[in-house]
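# Structure at a glance
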Amino acid sequence: MSRPAGNTRLKSARVAAGYNSQQALADAITAAAPRFGIRGLAVGVRQVRRWESATPPWPQPDVHRVLTHLLGQSMEDLGFTPPWEESGRSAESAPRTQTIGPSSAPRLANVPNQTIARTQPASVGRDFEAVTRAHRHLYWSVTPTDLHPAILEHARLGIALLPALADPTRRTLAAALAESYLLAGRIEFFDLRQPDRAGETLLRALQAAGEADDPLLGSAVLAHTAFIPGWAGDRDGAAERMIAARTYARRGPASAEFVAWLDAVEAECETRCGDTRTALNLIAHAEDVLATGSENATPPWMDWFSPARLAAFKGNVQLKAGHLPQARSTLGAALEDLLPEAEKQRSVLLGDLAAVEAAAGDPQAACAYAIRALEQLALTWYATGMERVREVRRGLAKWQNDDCVRDLDDRLYAWGTTVSALQH
């Protein structure tokens with residue numbers, strides 16, 4: 001089966017960013033231009049169609065700025081050839097476009113198409129998959145800054161091997177490669193708090209999922225990309241990505257747990273954007289889906305969700321909605337039901353329970369939960385858990401002279417905790 005011609009890099013980045021049509025991207029560029037001080041810029045669908053052709057023209061500077069911002073990648077990574085390279089100028093003497101994300105972050109290679117005959121044995125796919133599975137298990141206990149480089153190196157090996165494989169081995173390895181990039185993206189977003197870098201990595205995960213023709217993996221990746229605008233308060237951006245995620249989920253045998261998780265992701269994005277009513281309705285739908293069940297099995301790589309995790313989502317929404325007694329009950333039950341290996345989630349639940357008590361006006365109970373969260377973070381670091389504790393401390397400002405708050409400060413700013421926070 002022949003692959004579609006044209007600039008597939010830009011098309012993949014567009015879909016990954018939640019712009020499911022060329023018109024949607026054109027509208028987004030036009031709408032975003034004033035935020036960059038650009039007036040009178042109007043991009044039409046015909047222009048986007050030219051960019052996604054086999055010979056995309058280099059956009060004008062103003063469009064260039066907005067496009068790289070919206071899609072989170074450099075122009076070269078989006079499939080454009082700089083004019084100075086077309087005219088024969090060397091890459092060393094030409095100006096380079098800026099890549100969004102930390103300057104120290106290694107550039108990720110694009111997922112290659114199959115270009116050469118198979119030269120590797122069929123066992124390569126299974127062996128690569130086994131390492132990916134091991135990394136997935138290690139995530140729950142190994143320090144993220146130690147594990148992350150190993151995952152990226154493993155992914156680079158997969159990129160090198162992929163062109164030398166034929167189906168079905170190629171699809172096996174591509175699926176494992178998508179899992180690896182998804183795991184790396186999760187670490188970058190949740191553990192390292194580098195959303196721009198996570199967006200680029202998750203795009204690679206989506207490309208690999210496409211090579212594997214695995215719609216559920218594609219759906220999982222797209223739902224993770226929704227966290228990026230969702231946590232930044234961009235409700236429309238999160239909603240577009242969730243529409244794409246649900247579209248992909250309908251193409252595969254999605255289990256009840258998978259559908260419920262999509263509801264939970266959207267609920268968290270809605271909560272971050274201030275709409276707790278919609279979030280609670282989504283949580284209720286997720287609970288109904290889990291109660292009804294499904295004949296489809298949950299993918300083995302989806303090890304980040306369970307009924308206890310859904311309860312954690314629900315408790316956080318109830319907290320943000322101001323339903324403190326309900327949040328206290330929900331979060332307490334979720335903490336009891338959490339599996340022993342779910343150490344990262346435990347710090348988040350303890351942080352949310354601390355926030356409940358702070359909002360209820362009980363600084364002693366809030367500090368007790370916050371200190372337990374810090375003790376958990378000392379064992380297993382999780383940036384999201386530390387953010388919860390810091391939010392609680394800000395909520396305790398009016399009790400900052402109380403002994404319990406001072407004790408929390410001593411723990412929060414202990415040598416080990418402070419150094420750990422800076423290292424991660």
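Residues numbered from 1 in each chain as written. Predicted model: local features only at pLDDT ≥ 70, side-chain atom pairs only at ≥ 80, totals over all residues. Heavy atoms only, no water.

When you line up the elements, Arg309 lands in helix H14 (residues 307–321). For the buried Arg309, no salt bridge is present, and the opposite-charge side chain at shortest range is Asp303, 7.1 Å distant. Among the polar contacts made by the side chain of Arg309, one reaches the main-chain carbonyl oxygen of Trp304 at a distance of 2.7 Å. Excluding residues within four positions of it along the chain, Arg309 makes contact with Trp140, Trp304, Leu338, Ala342 and Gln345. (Helix = DSSP H or I, 4+ residues; strand = E, 2+ residues; numbered from the N terminus. Buried < 20%, exposed > 50% of the residue type's maximum accessible area, 1.4 Å probe, protein only. Lys, Arg positive; Asp, Glu negative; His and termini not counted. Salt bridge = Lys/Arg side-chain N within 4 Å of Asp/Glu carboxyl O. Polar contact = N/O pair within 3.5 Å; in protein donor to acceptor, adjacent residues only side chain to side chain. Contact = heavy atoms within 4.5 Å.)

So, about a negative patch on the surface. A surface patch of negative charge is lined by Asp402, Asp403, Asp407 and Asp410. By the element assignment, Asp403 lies in helix H19 (residues 403–412). (Patch = residues over 30% accessible without salt bridge, like charges linked within 9 Å, V, L, I, M, F, W, Y side chains within 5 Å. Areas by Shrake-Rupley, 256 points an atom, 1.4 Å probe, with all protein chains shown as cover. Charge placed at Lys NZ, Arg CZ, Asp CG, Glu CD.)

This part is about the confidence of the model for the chain. Looking at the chain, pLDDT values average 86 and 88% of them are 70 or higher. Predicted confidence is poor over residues 86–107, with pLDDT under 50, and the contacts of this stretch with residues over four places away or in other chains come to 32 contacts. (pLDDT = per-residue confidence, 0-100.)

The first and last C-alpha atoms of H14 sit 21 Å apart over 15 residues, in line with the 21 Å expected at 1.5 Å per residue. Counting buried residues along H14, 11 of its 15 residues qualify, which places the element largely inside the surrounding structure. Buried within H14 we find Ala308, Arg309, Leu310, Ala311, Ala312, Phe313, Gly315, Asn316, Val317, Gln318 and Leu319. Summarising the contacts, the buried residues of H14 are in contact with helix H12 (256–272), helix H13 (276–292), helix H15 (324–337), helix H16 (343–359) and helix H18 (383–395). Positive phi shows up at Gly322, right after H14, with a value of about 85°. (Expected span 1.5 Å × (residues − 1).)

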